[in-house]
Number of protein chains: 2
Amino acid sequence: MDDGVAGPVQDARQYAELPAHMRLYRGGELSGGRIAFETWGRLSSQRDNAILLFTGLSPAAHAASSTADPRDGWWEAMLGPGLAIDTDRYFVICINSLGGCFGSSGPASIDPGTGERWGVRFPEVAVEDIARGGFEVLRHLRIRQLAAVIGPSLGGMVVLSFVAQYPDVARRLVCISGTAAAAPVAIALRSVQREAILRDPQWKGGNYHPDEPPRTGMRLARKLGTVTYRSAAEWNQRFGREPLAASRVTALPGGFSPHFAIEGYLESQAERFVRSFDANSYLYLSRAMDRFELLEHGPSLAAIFARAQLEAALVIGVESDFLFAIGEQATVAAGLETAGVPTTFARLASVEGHDAFLVDIASFDPAIRRFLAAN
Amino acid sequence: MDDGVAGPVQDARQYAELPAHMRLYRGGELSGGRIAFETWGRLSSQRDNAILLFTGLSPAAHAASSTADPRDGWWEAMLGPGLAIDTDRYFVICINSLGGCFGSSGPASIDPGTGERWGVRFPEVAVEDIARGGFEVLRHLRIRQLAAVIGPSLGGMVVLSFVAQYPDVARRLVCISGTAAAAPVAIALRSVQREAILRDPQWKGGNYHPDEPPRTGMRLARKLGTVTYRSAAEWNQRFGREPLAASRVTALPGGFSPHFAIEGYLESQAERFVRSFDANSYLYLSRAMDRFELLEHGPSLAAIFARAQLEAALVIGVESDFLFAIGEQATVAAGLETAGVPTTFARLASVEGHDAFLVDIASFDPAIRRFLAAN
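It should be emphasised that the depicted structure is a prediction, and the values quoted were computed from it without experimental measurement. (Residues numbered from 1 in each chain as written. Chains lettered and ligands numbered in written order. Predicted model: local features only at pLDDT ≥ 70, side-chain atom pairs only at ≥ 80, totals over all residues. Heavy atoms only, no water.)

Q: What's the story with the overall build of chain A in this structure? I'm lost.
A: Of regular secondary structure, chain A possesses eleven helices and 14 strands. Against the compact-globule benchmark of 21 Å for 375 residues, chain A has a radius of gyration of 20 Å, which places it among compact chains. For chain A, long-range pairs separated by at least 24 residues make up 72% of all intrachain contacts whose partners lie at least 6 apart in sequence. For chain A, the exposed area adds up to about 12,900 Å²; of that, 50% sits on carbon and sulfur atoms. Positive and negative charge centroids in chain A, built from 36 and 41 side chains respectively, lie 2 Å apart. (Helix = DSSP H or I, 4+ residues; strand = E, 2+ residues; numbered from the N terminus. Rg over C-alpha atoms; globule rule 2.2 N^0.38 Å. Contact = heavy atoms within 4.5 Å. Areas by Shrake-Rupley, 256 points an atom, 1.4 Å probe, with all protein chains shown as cover. Lys, Arg positive; Asp, Glu negative; His and termini not counted. Charge placed at Lys NZ, Arg CZ, Asp CG, Glu CD.)

Now the structure itself:
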């Protein structure tokens, strides 16, 4: 997925304090935590036009540009005046995940109890806690009901968790390339990514200096992520067996330097990620994705969704998604239908795999636009 | 793919010397090289019943048990008296790839010029050189014509290269889960695997001691390989979200120990591989797979195959293969057909992905048996 956007230049972030001592879903306790978020549009006088947006693993709350921060956001083409998520109509709140590294409390932030970086002393974060972070932002903003809760990828897990935990808050649900529980192939790949970081000597038990992160582990994790976020068909179209331009060849010893253009692409993705994302945050959010199991909240998906009091739901899946297979979205959609929720299941043929929601705006825009306009 | 089998207990290996100074396909020169092989069955008096078998990346020449070495081989169920590759009828020769580490010359073997391990001073090995190794074994055995040349995975590349380089030797071709040129997704994954090894401090520029290999890099490479050799559907069936038995949990720091059964499976695969395979060999053969391009041998696949004077061909592909996609086998089969070679294209629905040839014997046995019996 695309990198988060962060930097000291401009900043549209706002913050909501979490309860002073917050019990987390897997049993730990977080003291003095906070959630970073950004907003677009205006809250109506009835306070009934808010959309809560959760992100994938790596983006910040900066989903789109604004006066306060004119840089492009991670969903720039989807969120704004007149766009599919229309900020002329909706007050949109995007949440930086608890455990992340773009303003919300996480292993890279300072433990107010010690004045030092949390590192791996930060309590285990579950998908449920990320949903809770969004809920606490709503409380902070004195918003009791949502026009919709929307999330792609990890965010697609978070929105399911959100409606399970706060059944009377969201009127509508948009779950994009998410799942009610990660498949073993996704678990296996994330396990390898985490191990690459954990076994990098520079990880130092999680106590690396921010300027000396476990670069090798992060590079490997991101390269592997990049391969699996897209699809074989897209790589065929974009790169084929095109050789890497000589000027872009990074020397590696023993005659094993990159040779093909796709290797150069992985390289640029990896370098960008190492500069922008915290390794411990990566470990925390990756583990949260593996362990998420919506069925912990009820005997069946239908029972969970029936309790959620949704007026309508949109489930979007992509046929070429290798990490969150289309069948997983079909399972979510079927659970919603069984629960009696009017559900649209958009099965998209995008070639961009799991990342399609960031790229194939031509397919995602009408699906989301139609749903939000009709309901 | 399944690990190679090697050990000092018993040994059925024979050796063929390579030419004293052998020019390799990518320009290097190998002095004092040799190829390890094993054989089953008896060569007919006309010397016309030989089958040459190439392997995937990691197996040894020990494809099946024999009196000289009764341990199970990597294709035990497929090769033997009365089996699909019938050693009552055929004289079968299995080749340990040049660059490998089970008897043939490679980076782990001793450079006779210096008395030291080659390491990365070993010249670059191409798929063409592995094919050449098989050809030199035939010369050693004074065999001028083959009843068939057979190979799965990397071996499926080698057999294509073999018929391109030695057009009058093999009467029949069996190409299993191979390709005429690796797809970018496979290149990307192998690139990440190689980088995991190359950046492991224990790799030491390729000069690690055999007892202190780059374990972390090899473990990561093998785990990633294991994920991609099978299919998401198989992992769903075999493991689902089953937790890892507590006794099998390997502690990792920071609360990031394996949690799911599939992680334990990756762990056992990785440990077995680190013990049995040489890291530099892995790098060499992995690079050879990326760079293989059959079209270097002619203007079109059809032109290459037309020159090869094949009497018949069998191409087998597996629909769930993520690394060597079914479309790549279809391309090979189409090239053969255009060349006028009577071709059977077996498109198998096995759930085991790229590794199916090792596991789904119920599908592979009849396909290969029928082809060899009918032609």
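Q: What is the right way to read the relation of the copies chain A and chain B from this model?
A: Relating one copy of the chain to the other requires a rotation about an axis plus a shift along that axis. Superposing chain A onto chain B takes a rotation of 180° plus a shift of 0.0 Å along the axis, which leaves an RMSD of 0.0 Å. Accordingly, the operation relating the two chain copies is best matched by a two-fold axis. (Least-squares fit on C-alpha atoms with pLDDT ≥ 70 in both.)

Q: Before we go on, may I ask you to explain the sheet that holds strand E8 (residues 91-95) of chain B in this structure?
A: Note: strands within a sheet are paired through backbone hydrogen bonds, in either parallel or antiparallel orientation. Residue and element names in this part refer to chain B. In space, the eight strands of this open sheet follow the order E1-E4-E8-E5-E11-E12-E13-E14, with mixed pairing throughout. The open sheet has two edge strands with one neighbour each: strand E1 (14-17) and strand E14 (343-348). Looking at each pair of strands side by side, their axes are set apart by 20° on average, direction ignored. Pairing between strand E12 (residues 172-176) and strand E13 (residues 312-318): five bridges, direction parallel. Opposite valine 174, over in E13, you have leucine 314 as the bridge partner. Lying on the sheet, helix H9 (residues 326-338) is in contact with E12, E13 and E14; it crosses E13 at an angle near 165°. (Pairing = 2+ DSSP bridges. Axes fitted to C-alpha atoms, helices over the stretch in contact; angles between N-to-C directions.)

Q: So what exactly am I meant to see when it comes to the packing of helix H4 (residues 215-229) of chain A against helix H3 (residues 184-198) of chain B here?
A: The relative placement of two packed helices comes down to the angle between their axes together with the axis-to-axis distance. Packing of H4 of chain A against H3 of chain B leaves a shortest axis separation of 10 Å and a crossing angle of 170°. By the angle class used here, H4 of chain A and H3 of chain B are roughly antiparallel. Judged by residue contacts, Arg219, Leu220, Lys223, Leu224 and Val227 of chain A of H4 of chain A engage Val185, Ala188, Leu189, Val192, Glu195 and Ala196 of chain B from H3 of chain B. Here the residues of the contact of H4 of chain A with H3 of chain B sort into eight nonpolar, no polar and three charged. (Parallel < 35°, antiparallel > 145°, perpendicular 65-115°, else oblique. Nonpolar A, V, L, I, M, F, W, Y, C, P; charged D, E, K, R; others polar.)

Q: Explain unusual backbone geometry to me, please; I cannot follow it from the model alone.
A: Most peptide bonds are trans, and most residues other than glycine sit at a negative phi. Within the chain, arginine 47 of chain A stands out as a residue other than glycine whose phi angle is a positive 55°. By the element assignment, arginine 47 of chain A lies in the loop between strand E4 (34-40) and strand E5 (50-53). For arginine 47 of chain A, a relative accessible area of 29% gives the class partly exposed. Backbone geometry at glutamine 309 of chain B places phi at a positive 55°, although glycine is not the residue there. Along the chain, glutamine 309 of chain B falls in the loop between helix H8 (301-307) and E13. (Buried < 20%, exposed > 50% of the residue type's maximum accessible area, 1.4 Å probe, protein only.)

Q: Mind showing me how you'd approach the sheet that holds strand E12 (residues 172-176) of chain A here?
A: Residue and element names in this part refer to chain A. Across the sheet, which stays open at both edges, the eight strands sit in the order E1-E4-E8-E5-E11-E12-E13-E14 with mixed pairing between neighbours. Edge positions in the open sheet fall to strand E1 (14-17) and strand E14 (343-348), since each of these has one partner strand only. Taken pair by pair, the neighbouring strands of this sheet meet at an average axis angle of 20°, ignoring direction. Here E4 runs beside strand E8 (residues 91-95); their pairing, made up of four bridges, is antiparallel. Bridge assignment links glutamate 38 to a residue of E8, and that residue is cysteine 94. Helix H11 (residues 361-374) rests against E5, strand E11 (148-152), E12, strand E13 (312-318) and E14 of the sheet, and its axis sits at about 170° to E13.

Q: Teacher, can you tell me more about the confidence of the model for chain A here?
A: Residue and element names in this part refer to chain A. Per-residue confidence for chain A gives a mean pLDDT of 95, with 97% of residues at or over 70. Overall, residues 1-7 carries pLDDT values under 50, and its contacts beyond four positions in sequence, including any with other chains, amount to 32 contacts. Note on the complex model: pTM 0.95, ipTM 0.94. (pLDDT = per-residue confidence, 0-100.)

Q: Which parts of the structure should I look at to understand the interface of chain A and chain B?
A: Buried accessible area, meaning the area lost when the parts come together, often serves as the stated size of an interface. Across the contact, 48 residues belong to chain A and 48 residues belong to chain B. Approximately 4,400 Å² of surface area, both sides summed, lies buried where chain A meets chain B, with 69% of it carried by carbon and sulfur atoms. For the pair chain A and chain B, the number of links is eight salt bridges. Here lysine 223 of chain A makes a salt bridge to glutamate 195 of chain B, at a shortest N to O gap of 2.6 Å. (Buried area = accessible area lost by both parts, 1.4 Å probe. Salt bridge = Lys/Arg side-chain N within 4 Å of Asp/Glu carboxyl O.)

Q: I would appreciate a short explanation of the environment of arginine 34 of chain A in the present structure.
A: Residues and elements named next belong to chain A. Considering the arrangement of structural elements, one finds arginine 34 in strand E4. A sequence separation of 261 residues divides arginine 34 from leucine 295, and the C-alpha atoms of the two residues are 28 Å apart. Once residues within four sequence positions are removed from consideration, arginine 34 is found in contact with Tyr15, Ala16, Glu17, Leu18, Gly103, Ser104 and Ser105. Here the side chain of arginine 34 touches glycine 103 through a polar contact of 3.0 Å, landing on its backbone oxygen. (Polar contact = N/O pair within 3.5 Å; in protein donor to acceptor, adjacent residues only side chain to side chain.)

Q: How do you make sense of the packing of aromatic side chains when you look at a structure like this?
A: For any pair of aromatic rings, geometry is given as the distance between the ring centres together with the angle between the planes. All names here are of chain B. With the rule as written, the count across this model stands at 29 aromatic pairs over all chains. Between phenylalanine 54 and phenylalanine 162 the ring centres are 6.1 Å apart and the planes differ by 50°, which places this aromatic pair in the tilted class. Linking phenylalanine 54 in the loop between strand E5 (50-53) and strand E6 (79-80) with phenylalanine 162 in helix H2 (residues 154-165), this pair joins segments that are 108 residues apart in sequence. Each member of the pair, phenylalanine 54 as well as phenylalanine 162, is classed as buried. On the numbers, 4.0 Å between centres and 0° between planes, the contact of phenylalanine 135 with tyrosine 166 is stacked. (Phe/Tyr/Trp six-rings, centres within 6.5 Å; stacked < 30°, edge-to-face > 60°.)

Q: Is there a simple way to think about helix H3 (residues 184-198) of chain A in this case?
A: Since the α-helix turns once every 3.6 residues, residues separated by three or four places project in the same direction. With 15 residues, H3 of chain A should cover 21 Å at 1.5 Å per step; its first-to-last C-alpha distance of 20 Å lies within 8% of that length. The element H3 of chain A is extensively covered by neighbouring structure, given that 15 of its 15 residues are classed as buried. (Expected span 1.5 Å × (residues − 1).)

Q: Honestly, the packing of helix H1 (residues 127-140) of chain B against H2 of chain B in this entry has me stumped. Any pointers?
A: Residues and elements named next belong to chain B. Axis separation between H1 and H2 bottoms out at 8 Å; the angle between their running directions is 70°. Our classification of the angle between H1 and H2 gives roughly perpendicular. Crossing handedness for the pair H1 and H2: right-handed. For the pair H1 and H2, the contacting residues are Val127, Glu128, Ile130, Ala131, Phe135 and Leu138 in the first and Leu154, Met157, Val158, Ser161, Phe162 and Gln165 in the second. Of the residues that constitute the contact of H1 with H2, the class distribution is nine nonpolar, two polar and one charged. (Left-handed = near helix turned anticlockwise from the far one by under 90°.)

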